[in-house]
Amino acid sequence: MYDMKALYEATSVEDAIRLLTEHPDAKIIAGGSDVLIKMREGKLAGAELVSIYKIDALRGISMDPDGTIRIRPLTSFSHITRDPIIQQHINVLGEAVDMVGGPQIRNIGTIGGNTCNGVTSADSASTLHAYDAIMVIQGPDGVREKPIREFYLSAGKVDLRHNEVLTAILIRKESYEGFQGHYIKYAMRNAMDIATLGCSVNCKLSEDRKTILDARIAYGVAGPVPMRAPSAEAAAKGQPVCPETVEAFAKAALNDVNPRTSWRASKEFRMNLVEQLAKRALKEAIRLNGGEI
Amino acid sequence: MQTALVKCTINGVPTETVVDVRASLTDMLRNDYRLTSVKKGCEVGECGACNVLIDGECFNSCIYLAVWADGKNIQTVEGLLGPNGELSDIQQAFIDEAAVQCGFCTPGFLMTAVEILESKKLYTRDELRKLLSGHLCRCTGYENILNAVEKTMKRRLGIPVE
Amino acid sequence: MVVGKSVKRVDAFDKVTGRARYTDDMADRSAYIVKILHSTIAHGYVKSIDKTEAEKIDGVIYIATCFDVPNLPFPTAGHPWSTDPHHQDIADRLLLNRHVRYYGDDIAAVVARDEVTATRAVRALKVEYEELPFVLDPIQSMQDGAPQLHEEFQNNILAHTRLSDGNYAEAITEEGLIRIEGWYRTPTVQHCHIENHICFASAESGKITVVSSTQIPHIVRRVVGQALGIPWGNVRLIKPYIGGGFGNKQDALYEPLCAYLCTKVGGRLVKLDVSREETFVSNRVRHAIQFHLISWLRKDGSIVARKAECFSNQGAYASHGHGIAAKGGGAIRQLYPTPNFECDMYTVYTNTPASGAMRGYGIPQAMFALESHTDDIAKQLGIEPIEYRRKYMMPVGYFDPFSKNVNYFDSLNQCIEKGKAYIDWDNKRKAYANQTGDIRRGVGMAIFWYNTAVWPISLESCSCRMVLNQDGTLQLQLGETEIGQGADTAFSQMAADAVGVPFEAVHIISTQDTDITPFGTGAYASRQTYVAGFAIKQTADILREKILAYAHKLYRMPVALIDLIGGNIIRKSDGQVLGTLGELATEALYSLTDSIHLTAESTYQIKSNAYSLGCCFAEVEVDIPLCKAKLLKIINVHDCGTLINPALAEAQVHGGMSMGIGYGLSEQLLFDERTGRPLNNNLLDYKLSTMMDHPDLKTEFVENPEPTSAYGTKALGEPPATPCAPAIRNAILQATGVAINQIPMNPHVLFARFREEGLL
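Residues numbered from 1 in each chain as written. Chains lettered and ligands numbered in written order. Predicted model: local features only at pLDDT ≥ 70, side-chain atom pairs only at ≥ 80, totals over all residues.

1. Observations concerning the overall build of chain C
And then number 1: For chain C, the helix and strand inventory stands at 20 helices and 27 strands.
And then number 2: In terms of overall size, chain C behaves like a compact globule, its C-alpha atoms giving a radius of gyration of 27 Å where 760 residues would be expected to give roughly 27 Å.
And then number 3: In terms of its C-alpha atoms, chain C occupies a principal-axis envelope of roughly 90 × 75 × 50 Å.
And then number 4: Going through the 760 residues of chain C one by one, you find that 61% of them count as buried.
And then number 5: Look at the contacts in chain C between residues 6 or more apart in sequence, and 80% of them connect residues 24 or more apart. (Helix = DSSP H or I, 4+ residues; strand = E, 2+ residues; numbered from the N terminus. Rg over C-alpha atoms; globule rule 2.2 N^0.38 Å. Buried ≥ 20, exposed ≤ 12 C-beta atoms within 10 Å, placed from the backbone. Contact = placed C-beta atoms within 7 Å.)

What follows is the structure, encoded as structure tokens:
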């Protein structure tokens, strides 16, 4: 039995916005794998909840006419992994969310919840960063869009006002077309764990597979929020596909990150991983693009 | 107390339950239906002992609100027995492979195994490890549980089992 | 005969159908719920607890604080009681404690109508503390001026004992000796049985009935009596199926508090269901032990002298206390006999959770230290590690004068042979000898020493009852408990053979009820199959004698000429079946001239002990840049004597290996140095292995029938968890050349060590 004050079940996005407006202290609950645990811990004890779990309109993945991939926020991790659009165009996202927790968590956990709780270790967040995802947010005054890099404000805090609901995550065609990516989750266990460091890299190669036309890299847990590593990207862009480029790319990433020491891992250890994972993820991304290294 | 009416199917039987909105699905299944195969091991979705099938997919019922079960089809271990009380193949395999020790994680594992078997796919041993990795067990080292699931999968697919 | 056969578990059907009833499944919904307020400081005194706000909450029934409970210190360890006051467990606990000794200590408890109300009321209690300095490390805790936990134990030393053979000081003066020294550190870990401890209590007929998830019902009954200051017979303890124990439930946990609170609410039903977070901190943990080993060797590797120091972290309360360090010290002394040996064992209180029994009871710790040290010696002397062990390990015929144990067989060598073959030792040692590069492999091994049951340190006795039914089947009852290991099945197998009935004719009563069940101390010390064997055989003999005496009356055959085999009364001379036991039992019960209910009951006191030996071999792949050791292959080989049920024995070894792997690679309960607060007391942050963290677990056995044992069997429950961590450590040593003297060998530790050694 959870210590909650009240539960309001929203039937539509508009209904959710109305309920949130009426109950200024209420929190949104999507799948609950985060909110209910906090409630059990006592952090959210006695809270009012607005449940959006039953809004089926917020589930599923589709492609807009312009090729934009539209991921609705209540889509569970397991459904993302199994989705043919994802598999065809951004397979790395499906692979990344397939590393969240374990199978049951991947059935209840949603990509919207994973991003809106603002946690740096979220397995979906680094890949969404690396693909320049756009967050679509609906509030009482209408709909607004926000690049994911600006959506994250600080640890645990995102640009989502109290009575706003995330309604879609968009990946534009130019963001995924021609790119192949790879995600490495470094954790202490191979399942049921949160990332010590997450690293998502994708790149686009020249037709002869000898030159990196574009490379993008994003980390989780390398700072208070998921982050891109622009120095690394610059070090690889336009460079030949060779071990030296990979080394330079990985070394440059160290300039962009700012991991902290906690009981979970020291800064030094995370810095070591920042470099090592960048190398391995880029190599694999090149390989997936048909490059040889 | 805030309550809600939950209409759902539990082990094939349509039910209507007035639940406290604060209840988890574990609470509802254990307390209202005495389906005590649904075990409480952590109540935060980490151990898998409370796992049940909802519309054919596995969920830790401890972090699933009972009110969300409205309109769903729920299966627990109690629903696995045949009409004359005969064991399902996967239950028998757990017995034959000595995959049961203290038995506390067993029902949760069985329900994930059911989801795997229902997919009618052939998985490698490593894939099965991943599919079963949402359950913790301290008695078996997982070895015989994995064997039981693997052998049952192969038998169902008509693949010889050594 | 059914002993030796892999029959299916007697409880398997109920467990795969969800019908097996565990404590919470038996509790009535009407139960009041108890929630405990735990301290949020590591050391100090509770100055006051303000109940005003909590009492205002609708549904709160009763609040007990540390100022309310009786001042009756009680012991909690699941040891047989000793009538000798000097051998009694230390009584240093109260139901709730005003002197707070660790972060998580119990200081108040709320009884409420439901869980949410109880939790809210706990949160509404306002506590004022007088804080004191605290200490988390046993060596620091022993220093003068360190914070004192218990007045009567100076320098926080709960116990210090010394083992001494020969003359260490003199022996080390021999010219040309090589000195090898090492510090080896083992972590605080927790049992992590999937069912948390839970109990409920109610009063009826002037007695308190407690239903509890425990391994030791008869012992807990006594402790509840002691804690409440009531006659022990006024307590009835019932143990249903339990979801694992591994030693944590070999302690009186919250049964005394639950029983006490029941008396405070007019004997109404109260349930105390411990959360996972509480289980990690406020139950028991494994003793973290630091070992300091110094060996003095000749060039051939012979151990001229050895000194060992063990500093065992007891935590805040005595629980099982010094028994753990003492057992570890004994193992170090015996596994590699040394003429000149000194071992100082210290068990020291600190401001951390109380350490108690956990699978292996000091031996996983000691084996990590000793078997790591042994590989260090072999490496430094340039001797192949198995060759080194074969030369200096406990020889056949070794006799321990204290336990009177004899190493009857060449078990260690026989086990090593099987392990070597599976892991392909000789080829792989060669193949992995000179590696470079980021990813390297290695193979390693470790042997282990264990003994069976607790004699002669403590009482060993077992009682058994057999009651014949009209159809020739029988009920079997023992005080020894099923905790998942398969005890009920093994007992049933032994009883079937001993009485002479088919396996199916034995109905074991799994539940212990101290009002009904014969006395037995329960599941610990890998004792049950060994000790129950004697009691089952003896009781079966009594029952058989009665059955055959009745058969004599029925069939007019001299008792010496008839037998009971497979449920039939037979004439020995030609095997002729004279009648079935069912016919006899029906006649015996319903006879109008000679009616008797055939039953038997007896107690067997055991005054022997037995070595249980074996080894583990492991192969690892180390990713140096990522600081990860991946286990590729692992095998445990055991000589636990005759196997009663090979399939269940194998399954039990799997579980122990899994625990050993976690101990070696990932598990550790962490505390904040600044506050003493536990950091990772949940199953997400505490890294218990998942199914993806193991390779296949391979198990083999060597079966030398144990001469002292009724069925040739001896310890198997705990030993599997003891050799895995050092075997993995020694494999990492071969792979990388880096000795890791601290477990768990997780990426953090490997990162630090690889940097020190210049690999990164």
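Text resumes after the structure shown.
2. What about the overall build of chain B?
And then number 1: Each helix and strand in chain B was counted, giving five helices and five strands.
And then number 2: For chain B, the succession of helices and strands along the chain, N to C, is β-β-α-β-β-β-α-α-α-α.
And then number 3: Its C-alpha atoms give chain B a radius of gyration of 16 Å, near enough to 15 Å, the size a compact globule of 162 residues would have.
And then number 4: Counting only C-alpha atoms, chain B reaches 55 × 30 × 25 Å along its principal axes.
And then number 5: Counting only residues that meet the buried cut, chain B has 62% of its 162 residues in that class.
And then number 6: Summarising the internal contacts of chain B: among those between residues at least 6 apart in sequence, 59% fall at separations of at least 24.

3. Comments concerning the domain arrangement of chain C
Residues and elements named next belong to chain C.
And then number 1: Partitioning chain C into domains gives domain 1 (12-132 + 197-273), domain 2 (288-455 + 608-756) and domain 3 (461-605).
And then number 2: Inter-centroid distance (C-alpha atoms) of domain 1 to domain 3 is 38 Å.
And then number 3: On the domain 3 side, the residues contacting the 19 residues of domain 1 number 17 residues.
And then number 4: When contributions to the side of domain 1 that touches domain 3 are tallied by element, the ones reaching two or more residues are α7 (217-228) and β11 (235-239).
And then number 5: Its residues placed into classes, the side of domain 1 that touches domain 3 shows nine nonpolar, seven polar and three charged. (Domains from an automatic or database assignment. Nonpolar A, V, L, I, M, F, W, Y, C, P; charged D, E, K, R; others polar.)

4. Points about the sheet that holds strand β13 (residues 288-297) of chain C
Residue and element names in this part refer to chain C.
And then number 1: Reading across from one edge, β7-β15-β14-β13-β8 is the order of the five strands in this open sheet, with mixed pairing throughout. Single-partner strands in this sheet number two, and they are β7 (157-165) and β8 (178-185). With direction set aside, neighbouring strand axes in the sheet form an average angle of 5 degrees.
And then number 2: Strand direction decides the pairing type here: β13 and strand β14 (residues 303-315), joined by ten bridges, are antiparallel. Of the residues in β14, the one forming a bridge with H292 is E309.
And then number 3: Here helix α10 (residues 323-335) sits on the sheet and contacts β7, β13, β14 and β15 (340-349); the angle it forms with β15, its principal contact strand, is near 165 degrees.
And then number 4: Here helix α11 (residues 363-381) sits on the sheet in contact with β8 and β13, set at roughly 145 degrees to β8. (Pairing = 2+ DSSP bridges. Axes fitted to C-alpha atoms, helices over the stretch in contact; angles between N-to-C directions.)

5. Description of the domain arrangement of chain B
All names here are of chain B.
And then number 1: For chain B, the assigned domains are domain 1 (3-79) and domain 2 (89-156).
And then number 2: On the side of domain 2, 13 residues touch domain 1, which itself brings 16 residues to the contact.
And then number 3: Listing elements by their share of the side of domain 1 that touches domain 2, those giving two or more residues are β3 (51-54) and β4 (57-60).
And then number 4: For the side of domain 1 that touches domain 2, the residue count by class is eight nonpolar, six polar and two charged.

6. Some details on the nonpolar core
And then number 1: Within the largest apolar cluster, 403 residues are counted, with the highest numbers of intra-cluster contacts made by A278 of chain A together with C258 of chain C.
And then number 2: Among the elements that make up this core, the one with the highest residue count is helix α16 (residues 528-555) of chain C (twelve residues).
And then number 3: Leave out the neighbours within four places in its chain, and A278 of chain A touches C199, V201, I217, A232, F249, A250 and A253 of chain A. (Core = buried A, V, L, I, M, F, W, Y, C linked by C-beta atoms within 7 Å.)

7. Here's the deal with the interface of chain B and chain C
And then number 1: With 42 residues of chain B at the interface, the matching set in chain C holds 46 residues.
And then number 2: Residue assignment for the side of chain B that touches chain C shows that the elements contributing at least two residues are α2 (89-96), α3 (106-118), α4 (125-131) and α5 (143-156) of chain B.
And then number 3: Here the side of chain B that touches chain C is built from residues that sort into 22 nonpolar, twelve polar and eight charged.

8. Focus on α10 of chain C
And then number 1: For α10 of chain C, spanning 13 residues, the distance from its first C-alpha to its last is 18 Å, which sits close to the expected 18 Å at 1.5 Å a residue.
And then number 2: Where burial is concerned, most of α10 of chain C is hidden: 13 out of the 13 residues are buried. (Expected span 1.5 Å × (residues − 1).)

9. Section: the interface of chain A and chain C
And then number 1: Contacts between the two partners involve 13 residues from chain A, matched on the other side by 21 residues from chain C.
And then number 2: Considering only residue class, the side of chain A that touches chain C consists of seven nonpolar, four polar and two charged.

10. Let's talk about unusual backbone geometry
Residue and element names in this part refer to chain C.
And then number 1: A cis amide bond, omega 5 degrees, links W455 with the succeeding residue P456.
And then number 2: Mapped onto the elements of the fold, P456 is located in the loop between β16 (439-451) and β17 (461-468).
And then number 3: A cis amide bond, omega 0 degrees, links I743 with the succeeding residue P744.
And then number 4: Summarising the element assignment, P744 is placed in the loop between α19 (724-736) and α20 (747-756).

11. Observations regarding the environment of G244 of chain C
And then number 1: For G244 of chain C, the location among the structural elements is in the loop between β11 and α8 (255-264).
And then number 2: Judged by local crowding, G244 of chain C falls into the buried class, with 27 C-beta atoms found within 10 Å.
And then number 3: As for G244 of chain C and G484 of chain C, which are separated by 240 residues in sequence, their C-alpha atoms are 5.9 Å apart.
And then number 4: Once you skip the residues sitting within four places of it in the chain, G244 of chain C turns out to touch C102, F104, R138 and C139 of chain B together with H193, I194, E195, I483 and G484 of chain C.

12. Some points on the sheet that holds strand β3 (residues 47-51) of chain A
All names here are of chain A.
And then number 1: Across the sheet, three strands lie side by side as β1-β3-β2; this open sheet has parallel pairing. Unpaired on one side and paired on the other, β1 (4-9) and β2 (27-29) mark the two borders of the sheet. Across the sheet, the mean angle separating the axes of adjacent strands is 30 degrees when strand polarity is ignored.
And then number 2: Pairing between β1 and β3: five bridges, direction parallel. Counterpart to A6 in the pairing with β3 is E48.

13. Considerations on helix α12 (residues 385-392) of chain C
And then number 1: For α12 of chain C, the full list of buried residues reads P385, I386, Y388, R389 and Y392 of chain C. Projected onto a plane normal to the axis of α12 of chain C, the buried residues spread over an arc of 155 degrees and lie on a single side. (Arc of directions from axis to C-beta.)

14. What about the packing of α16 of chain C against helix α17 (residues 581-590) of chain C?
Residues and elements named next belong to chain C.
And then number 1: Following both chains from N to C, one finds α16 and α17 inclined at 85 degrees, their axes separated by 10 Å at the closest point. Relative to α17, the element α16 is oriented roughly perpendicular. Contacts between α16 and α17 involve I547, Y550, A551 and L554 on the former and, on the latter, L581, L584, E587 and A588.
And then number 2: Classifying every residue of the contact of α16 with α17 gives seven nonpolar, no polar and one charged. (Parallel < 35°, antiparallel > 145°, perpendicular 65-115°, else oblique.)

15. Overview of the packing of α11 of chain C against α12 of chain C
Residues and elements named next belong to chain C.
And then number 1: Axis separation between α11 and α12 bottoms out at 9 Å; the angle between their running directions is 110 degrees. Between α11 and α12, the crossing angle belongs to the class labelled roughly perpendicular. As for the relative orientation of α11 and α12, their crossing is right-handed in sense. Contacts from T374, D375, I377 and A378 of α11 reach α12 at P385, Y388 and R389. (Left-handed = near helix turned anticlockwise from the far one by under 90°.)

16. Notes on the environment of Q652 of chain C
All names here are of chain C.
And then number 1: Note on placement: Q652 falls in helix α18 (residues 646-665).
And then number 2: We classify Q652 as buried; it has 28 C-beta atoms within 10 Å.
And then number 3: Remark: the alpha-carbon pair of Q652 and N196, spanning 456 residues in sequence, is separated by 20 Å.
And then number 4: Ignoring any residue separated from it by four or fewer positions in sequence, one finds Q652 in contact with Q485, G486, L716, G717 and P720.

17. Describing the environment of C724 of chain C
Residues and elements named next belong to chain C.
And then number 1: Tracing the backbone through its elements, the reader meets C724 in helix α19.
And then number 2: Considering only alpha carbons, one finds C724 and R123, 601 residues apart in sequence, at a separation of 43 Å.
And then number 3: Residues within four places of C724 in sequence aside, it is in contact with C616, A618, I634, M657, G660, I661, Y663 and G664.

18. Description of the pairing of strand β2 (residues 44-50) of chain C
Residue and element names in this part refer to chain C.
And then number 1: Strand direction decides the pairing type here: β2 and strand β4 (residues 99-100), joined by two bridges, are antiparallel. Considered in β4, the bridge of Y45 is made with H99.
And then number 2: Bridging between β2 and strand β6 (residues 126-131) involves six bridges; their strand directions are antiparallel. The residue bridging D50 from the neighbouring strand is K126, located in β6.

19. Considering the pairing of β13 of chain C
All names here are of chain C.
And then number 1: The element β13 is largely enclosed, with a buried count of seven among its ten residues.
And then number 2: Sheet analysis places β8 next to β13, joined by eight bridges and oriented antiparallel. Counted as the bridge partner of R179 is W296 from β13.
And then number 3: Where β13 folds back onto β14 in an antiparallel hairpin, the turn is made up of five residues, including G301, whose phi is positive at roughly 95 degrees.

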